2 protein chains.
Amino acid sequence: MSEAPTRVRRTAADRRKQLIGIGLRMLTVRPIHQVTVDEVAAEAGISRSLLFHYFPTKQDYYVEVVRAAGRRLLRSAQPGDDARAIVEGYVAFIERRRTQYVGLFRASGLDDWVKEIHDETQDELSVRVMSALGLVEPPEPVVLAVRAWWAFAEELTIEWTGRERTDREALVGLLLSALDNVVLLARDI
Amino acid sequence: MSEAPTRVRRTAADRRKQLIGIGLRMLTVRPIHQVTVDEVAAEAGISRSLLFHYFPTKQDYYVEVVRAAGRRLLRSAQPGDDARAIVEGYVAFIERRRTQYVGLFRASGLDDWVKEIHDETQDELSVRVMSALGLVEPPEPVVLAVRAWWAFAEELTIEWTGRERTDREALVGLLLSALDNVVLLARDI
DNA sequence: CCTCCTATTGAGCGTTGCTCAACAAGGTAC
DNA sequence: GTACCTTGTTGAGCAACGCTCAATAGGAGG
């Protein structure tokens, strides 16, 4: 009987990787609570129960997926003690994985925990940028301003790339100039 | 028997207003899909079924609630052909209803439809600000930049008021200066 | 070939969103 | 005052979904 689809037995690490990969694909299209556990399981060719074996709850699963996406982003926006390099890496990442980024961090359910991961990522980016600008122990307004500037950068980059504008350099230049200006303004408070 | 809690019979408009009011209160604390229909109904002292009579689906209910919050915000940031007045109104609103705003538009589930309402609101704000700055038919980069600047303003205002900083004037000044600069930068592209 | 570890499953429970047919409050007509 | 009729209101019940648990089976090691 070759009907039975030869149940493969994978190692734990393999399965986790596979499941997270599926999440990275599925959860970009529609938000979590519109994606059922059964769907993910079906896509992976396993039973619901097994998913719950690896991720105690649906939230836990989703958190892992979002974390994975966050790590990818941070890897793309490497330190390199140059603000321009960071911003370029960031823009390039969103150009490459726009729908994924939007789906996971924005259009999807921004519950407390997702917001938390998103914040952590943005905080890390802020730290990198401030250190690249030579800002050591900046006053609170500057920290808040840089953090908010990343929100600006996120929004602008997503919309910009959404309109399929190809002049990436113009975008990066605009972002960097705005950053300089914002830091300058916040400093004088 | 005064045991029976005297079932009151309200007009349709009244009930809707009551239910939306409850939503405005409940959905600020935790995101939608953590709030059950039964809870809302219990709070209102009615049966689940009645809620579904007024709002065909839970989403429809939530959308109405978010819409109501959006209208409130727009009312607070009136035109007044002065950019400063608009920004001041915006900041004042978030100072007053911080948790509500955050709960409905950010910490809560940003499904497509909520994102849509949020976008509509921000678009309207962008239009107002651009018209206040005397920008008629601005080029696309300027539109995108102003839109992104609102994301900056939202983030900064929320964090700023979160730290209980009292110098509202400094915040407004910073926001307006950043806006000027961003518009200037985007114009030259 | 036996054994043991663990990846894997199926049956099932509780909650939650949603439907539907029936009930009752209150204004109107006679 | 009573019959009526519009419509606000309810309770029972279904289906989907998240999650649990005891039991099964694949495969590496002796």
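Fair warning: this is a prediction, and the values are worked out from it, not measured in the lab.

Rules used throughout
Each residue is numbered by its place in its chain's sequence as written, counting from 1. Chains and ligands are labelled by the order in which they are written, letters from A for the one and numbers from 1 for the other. Owing to the predicted nature of the model, reporting of local features is limited to residues with pLDDT of at least 70; listing and counting of side-chain atom pairs is limited to 80 or more, with chain, interface and lining totals taken over all residues. In computing side-chain values, all of the structure's heavy atoms are included and hydrogens and water are not. UniProt positions are given in the numbering used here, feature names are shortened, and annotations may be inferred rather than shown by experiment. A helix here means a DSSP run of H or I that spans at least four residues, while a strand means a run of E at least two residues long, and both kinds are numbered starting from the N terminus. Near is defined per residue: the residue qualifies when any heavy atom it owns lies within 4 Å of the molecule or strand. Identification of polar contacts relies on pairs of N or O atoms within 3.5 Å, with a donor-acceptor requirement for protein atoms, meaning one able to donate a hydrogen and the other able to accept it, and with residues adjacent in sequence counted only if both atoms are side-chain atoms. Asp, Glu, Lys and Arg are counted as charged, while Ala, Val, Leu, Ile, Met, Phe, Trp, Tyr, Cys and Pro are counted as nonpolar; the rest, among them Gly, fall into the polar class. We define the nonpolar core as a collection of buried residues of types Ala, Val, Leu, Ile, Met, Phe, Trp, Tyr and Cys that are connected through side-chain atoms lying within 4.5 Å of one another. Think of it in three bands: with a 1.4 Å probe and only protein chains considered, a residue is buried below 20% of the maximum accessible area for its type, exposed above 50%, and partly exposed in between. Residues are treated as being in contact if the distance between any of their heavy atoms lies within 4.5 Å. Only C-alpha atoms enter the line fits that serve as axes; for helices the fit covers just the stretch in contact. Angles between N-to-C directions range over 0 to 180 degrees. Orientation labels follow simple angle bins: below 35 degrees gives roughly parallel, above 145 gives roughly antiparallel, 65 to 115 gives roughly perpendicular, and whatever is left gives oblique. Here a crossing is called left-handed whenever its near helix is offset anticlockwise from the far helix by less than a right angle, and right-handed whenever the offset is clockwise. Residues reaching a pLDDT of at least 70 in both copies supply the C-alpha atoms on which the copies are superposed by least squares. Note on aromatic contacts: the rings of Phe and Tyr and the six-membered ring of Trp form a pair at centre separations within 6.5 Å, being stacked when their planes are under 30 degrees apart, edge-to-face when over 60 apart, and tilted otherwise.

## Quick word on the UniProt feature "domain: HTH tetR-type" (unreviewed entry) in chain A
Thinking step 1. Taking the numbering used here, the UniProt-annotated feature "domain: HTH tetR-type" (unreviewed entry) corresponds to residues 13-73 of chain A.
Thinking step 2. In residues 13-73 of chain A, the share of helix is 74% and the share of strand is 0%. The end C-alpha atoms are 22 Å apart.

## Details of the UniProt feature "DNA-binding region" (unreviewed entry) in chain A
Thinking step 1. According to UniProt, the "DNA-binding region" (unreviewed entry) feature falls on residues 36-55 of chain A.
Thinking step 2. Its end C-alpha atoms 14 Å apart, residues 36-55 of chain A is made of 75% helix and 0% strand.

## Things to note about the protein's contact with DNA strand D
Thinking step 1. Surveying the vicinity of DNA strand D reveals 23 residues, the closest of which are A:T57, A:K58, B:R9, B:R15 and B:S49.
Thinking step 2. Taken together, the sugar and phosphate atoms account for 56% of what DNA strand D places within 4 Å of the protein.
Thinking step 3. Between A:V37 and DNA strand D, the recorded distance is 3.1 Å, taken from a backbone N or O atom to a phosphate oxygen.
Thinking step 4. Contacts to DNA strand D include B:R10, whose backbone N or O atom sits 3.0 Å from a phosphate oxygen.
Thinking step 5. The set of elements that each furnish at least two residues to the surface near DNA strand D consists of α2 (37-44) and α3 (48-54) of chain A together with α3 (48-54) of chain B.
Thinking step 6. Ranked by residue count, the leading element in the surface near DNA strand D is α3(B), at five residues.
Thinking step 7. Of the residues assigned to the surface near DNA strand D, the class counts are eight nonpolar, six polar and nine charged.

## Concerning the nonpolar core
Thinking step 1. Among the nonpolar cores identified, the biggest contains 132 residues, and A:W149, A:F152, B:W149 and B:F152 are the most heavily contacted of them.
Thinking step 2. What B:W149 contacts, discounting residues up to four positions off in sequence, is A:F152, B:V87, B:V129, B:L175, B:A178 and B:L179.

## Side note on the packing of helix α5 (residues 83-96) of chain A against helix α8 (residues 140-162) of chain A
All names here are of chain A.
Thinking step 1. At a minimum axis distance of 10 Å, the contact between α5 and α8 shows a crossing angle of 45°. Put simply, α5 runs oblique to α8. In the packing of α5 onto α8, the handedness of the crossing is right-handed. Across the interface between the two elements, I86, V87, Y90, V91, I94 and E95 of α5 pack against W149, W150, A153, E154, T157, I158 and T161 of α8.
Thinking step 2. Of the residues assigned to the contact of α5 with α8, the class counts are nine nonpolar, two polar and two charged.

## What about the environment of A:L171?
All names here are of chain A.
Thinking step 1. Assignment of secondary structure puts L171 in helix α9 (residues 168-187).
Thinking step 2. The buried category is assigned to L171, whose relative accessible area is 1%.
Thinking step 3. Leaving out residues up to four positions away in the same chain, L171 has contacts with V91, L156, T157 and W160.

## Focus: the protein's contact with DNA strand C
Thinking step 1. Around DNA strand C, a shell composed of 22 residues is seen, among which A:R9, A:R15, A:S49, B:T57 and B:K58 lie nearest.
Thinking step 2. Near the protein, meaning within 4 Å, the atoms of DNA strand C are sugar or phosphate in a fraction of 56%, with bases accounting for the rest.
Thinking step 3. In the environment of DNA strand C, a phosphate oxygen lies 3.0 Å from a nitrogen or oxygen atom belonging to the backbone of A:S47.
Thinking step 4. Per-element accounting of the surface near DNA strand C gives the leading share, five residues, to α3(A).
Thinking step 5. Residue composition of the surface near DNA strand C, by class: eight nonpolar, six polar and eight charged.

## A look at the relation of the copies chain A and chain B
Thinking step 1. In screw terms, the move from chain A to chain B is a rotation of 180° and a rise of 0.0 Å along the axis, fitting with an RMSD of 0.1 Å. The superposition of one copy onto the other is thereby described by a two-fold rotation axis.
Thinking step 2. Mapped onto chain B, 100% of the interface residues of chain A are again interface residues, and the two copies thus contact each other with one and the same surface.

## What about the packing of aromatic side chains?
How two aromatic rings sit relative to each other is set out by the distance from centre to centre and by the angle between their planes.
Thinking step 1. All told, the structure shown has eight aromatic pairs over all chains when counted by the stated rule.
Thinking step 2. When the centroid spacing of 5.9 Å and the interplanar angle of 85° are considered together, the rings of B:Y62 and B:W113 count as edge-to-face. Of the two residues, B:Y62 sits in helix α4 (residues 58-76) while B:W113 sits in helix α7 (residues 112-132), which places them 51 residues apart along the sequence.
Thinking step 3. What makes B:Y62 buried here is its relative accessible area of 1%.
Thinking step 4. Taken together, the ring pairs connect A:Y90, A:W149 and A:W150 into an aromatic cluster.

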